[in-house]
Amino acid sequence: MAVSGEVGIPFAVDAAGHRFGRSAIDRSPQPFRKPLSCAGCKLLVTAVAGYTTGSGRHTSSHYRRHPGVHHDASCPYDFDRQVQVLVGADSTALERERSGHYRLVLPDELQAQPPHDPPGTYRRRRASIVVRRADAPRLSAAINSAVKVARLLERFDHMPQALEAFTVRSGRSAIAWRDFCYLPDRYDELASRLSTDRTRLPVAVSGIAQARGVASAGTSYWLMHDPSQRVQLDGSAAYLRLRIRSRSEAVLERVTDGQRFFALGWCGRLDAGKSRGGHRRCDLNMWINSAAGICSW
Ligand SMILES: [Zn+2]
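Rules of the game
Within any chain, residue numbers begin from 1 and follow the written order of that chain's sequence. Residues qualify for local features only when their pLDDT is at least 70, as the model is predicted, and side-chain atom pairs are given and counted only at 80 or more; totals for whole chains, interfaces and linings, by contrast, use all residues. For two strands to be treated as a pair, DSSP must find at least two bridges joining them. The helix count covers DSSP runs of H or I at least four residues long, the strand count covers runs of E at least two residues long, and both are numbered beginning at the N terminus. Axes, fitted as lines to C-alpha atoms, cover a helix only where it is in contact. Angles between the N-to-C directions of the axes lie from 0 to 180 degrees. Here the contact rule is simple: place C-beta atoms from the backbone, and any two residues whose C-beta atoms are within 7 Å are in contact. Partly exposed residues are those falling between the two cut-offs: more than 12 but fewer than 20 other C-beta atoms within 10 Å of their own, whereas 20 or more means buried and 12 or fewer means exposed, with C-beta atoms placed from the backbone. Working note: the arc is built from the helix axis to C-beta atom directions.

**Student:** Account for the sheet that holds strand S4 (residues 44–48), naming residues and giving values.
**Tutor:** Strand order in this open sheet of 5 strands is S2-S1-S3-S4-S7, and the pairing throughout is antiparallel. Of all strands in the sheet, those with a lone pairing partner are strand S2 (19–20) and strand S7 (62–65), marking the two edges. Relative to S2, strand S1 (residues 12–13) runs antiparallel, the two being bridged by 2 bridges. Counted as the bridge partner of Ala12 is Phe20 from S2.

Structure below.
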């Protein structure tokens, strides 16, 4: 169980001043010159290769501080301190559990489970969060906290130990962070899951606003991230795109072209014809009809 105090450091600087990520630890020979220090402060660190404990728990490669020495107060790679800042912030949706894990609590609007949307079909009834004006601050707090956690985990190179420190609470369901937050490199995992998973738990998706348009009926708008990567989906090659759809143009106009966005809600999957040498094209669709359901930077 990864709890506070066990999350390592993702980047180090060697004696020659070169910066290294975690993959350098697993190379042979190791490319760095010791001593190594934390990439965020001058704290001396040790490179620890990945290992599996007797109980079967795997810890991936990381840099570790020596016992009894501490990061500078402002070091971005001090996991405990950085999480404390998030948990202590005003209007946070994060809570610290007794176990030492951290929990993102989603508001009631994200607890209902809309009808399942069979993959590859188009349906008129689309799941979207219904937000009353009075509830918008709680949804805003949830998405703002989710973004902060996602960015923290990015800074920590998505180390499994860091991911395991967070869970998401949606009604009675506890969701692992990996099953909640999907960046472009894991759209294929989300698409696969949508073809089998009937639980319909809410997810967070992130992408870059690369294109936008109006649906052919003229009644809704979309924003798209297209990683242009061929993935294996249900046993054959496919290109996956993420589309954020809305009946409100103003909601999507909050995200300017080229900005990164983060949206919270339910995702559906739609086969979207063929292209690029006859490969399947598949869209992940999320409907956002409240400005509180999407943010960008
Ligand atoms: Zn440091």
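From this point, the discussion proceeds with the structure in view.
**Student:** Break down the sheet that holds strand S8 (residues 94–96) for me, with residues and values.
**Tutor:** The sheet built from 4 strands is open, its strands ordered S8-S9-S10-S11 with mixed pairing. Each having just a single partner strand, S8 and strand S11 (173–176) make up the two edges of the open sheet. For this sheet, the mean inter-axis angle between neighbouring strands, taken without regard to orientation, is 30°. In this structure, S8 lies alongside strand S9 (residues 102–105), joined through 3 bridges in antiparallel fashion. Pairing of Leu94 across the sheet is with Leu104, part of S9. Against the sheet, helix H2 (residues 136–155) makes contact with S8, S9 and strand S10 (166–170), and its axis sits at roughly 145° relative to S9, the strand it touches most.

**Student:** Explain helix H4 (residues 187–196) residue by residue, including any values.
**Tutor:** Among all positions of H4, only Tyr187, Asp188, Leu190, Ala191 and Leu194 are buried. In a view along the axis of H4, the buried residues occupy a sector of 160°, so they form one face of it. Packed against the buried residues of H4 are strand S12 (181–182), strand S13 (203–208), strand S16 (230–233), strand S17 (236–246), strand S19 (267–275) and strand S20 (279–287).

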